[in-house]
Amino acid sequence: MDYQSREQIVNGLQQSFEPYLNKYGLERIGIFEEEGQDECYYIGYTTQKDGKTYHVHLPFHKDNNGGLIPIDQKWTVESDNPQEKDLKEFEDLDHVFREIY
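These figures come from a predicted structure and were not determined experimentally.

Looking at the layout of surface pockets
Part 1: Roughly 190 Å³ of internal volume is contained in the largest pocket.
Part 2: Considering the residues around the largest pocket, the lining is formed by Met-1, Asp-2, Gln-4, Ile-9, Leu-13, Ile-43, Leu-58, Phe-60, Pro-70, Gln-73 and Trp-75.
Part 3: Residue assignment for the lining of the largest pocket shows that the elements contributing at least two residues are helix 1 (6–14) and strand 3 (52–62).

Side note on the pairing of strand 2 (residues 40–49)
Part 1: The element strand 2 is extensively covered by neighbouring structure, given that seven of its ten residues are classed as buried.
Part 2: Hairpin connection, strand 1 (residues 28–35) to strand 2: the antiparallel pair is bridged by four residues, and Asp-38 has positive phi, about 55 degrees.
Part 3: Sheet topology places strand 2 next to strand 3; ten bridges connect them, and they run antiparallel. Bridged to Ile-43 within strand 3 is Leu-58.
Part 4: The turn joining strand 2 and strand 3, which pair antiparallel and follow one another in sequence, is formed by two residues; a positive phi near 50 degrees is taken by Asp-50.

Looking at the packing of aromatic side chains
For any pair of aromatic rings, geometry is given as the distance between the ring centres together with the angle between the planes.
Part 1: Applying the stated criterion across every chain, the model contains eight aromatic pairs.
Part 2: With a centroid separation of 6.0 Å and an interplanar angle of 70 degrees, the aromatic rings of Tyr-20 and Tyr-45 are classed as edge-to-face. In this pair, Tyr-20 sits in helix 2 (residues 17–24) while Tyr-45 sits in strand 2, placing the two residues 25 residues apart along the sequence.
Part 3: Arranged with centres 5.3 Å apart and planes meeting at 45 degrees, the rings of Tyr-24 and Phe-97 form a pair that is tilted. Linking Tyr-24 in helix 2 with Phe-97 in helix 3 (residues 93–100), this pair joins segments that are 73 residues apart in sequence.
Part 4: Taking the relative accessible area as the measure of exposure, Tyr-24 reaches 12% and is therefore buried.
Part 5: Taking the relative accessible area as the measure of exposure, Phe-97 reaches 1% and is therefore buried.
Part 6: Aromatic rings pair up to connect Phe-17, Tyr-20, Tyr-24, Tyr-45, Tyr-54, Trp-75, Phe-97 and Tyr-101 into one cluster.

Conventions used here
- Residues numbered from 1 in each chain as written.
- Predicted model: local features only at pLDDT ≥ 70, side-chain atom pairs only at ≥ 80, totals over all residues.
- Heavy atoms only, no water.
- 1 Å grid on protein atoms, 1.4 Å probe; cavity = no way out; pocket = protein on both sides within 12 Å on 5 of 7 lines; lining within 4 Å.
- Points joined across faces, edges and corners; volume = space filled by probe spheres on them.
- Helix = DSSP H or I, 4+ residues; strand = E, 2+ residues; numbered from the N terminus.
- Buried < 20%, exposed > 50% of the residue type's maximum accessible area, 1.4 Å probe, protein only.
- Pairing = 2+ DSSP bridges.
- Phe/Tyr/Trp six-rings, centres within 6.5 Å; stacked < 30°, edge-to-face > 60°.

In short, the description is geometric, and any link to function would need to be established separately.
Okay, structure coming up:
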């Protein structure tokens, strides 16, 4: 797999907004991005339904030119509720959304 620009990755994620909104009855969906330590970068979705907000993301390695490549294909889910533990190791987004909503 080759490095991609942030814009390429975000554009790919945005294409699935409507299908996930419809399939899981989400109230909102947007892009989640967070700079990690060293060369880690996290990109995914911020979703909301029934007053619950989650950040669902993949870890990426960021090169010196800003190119990104997935570290692995396992999704992590973080809740806005600090009392909830992060959920990890999801193979696909359908599994994520069935689990959290």
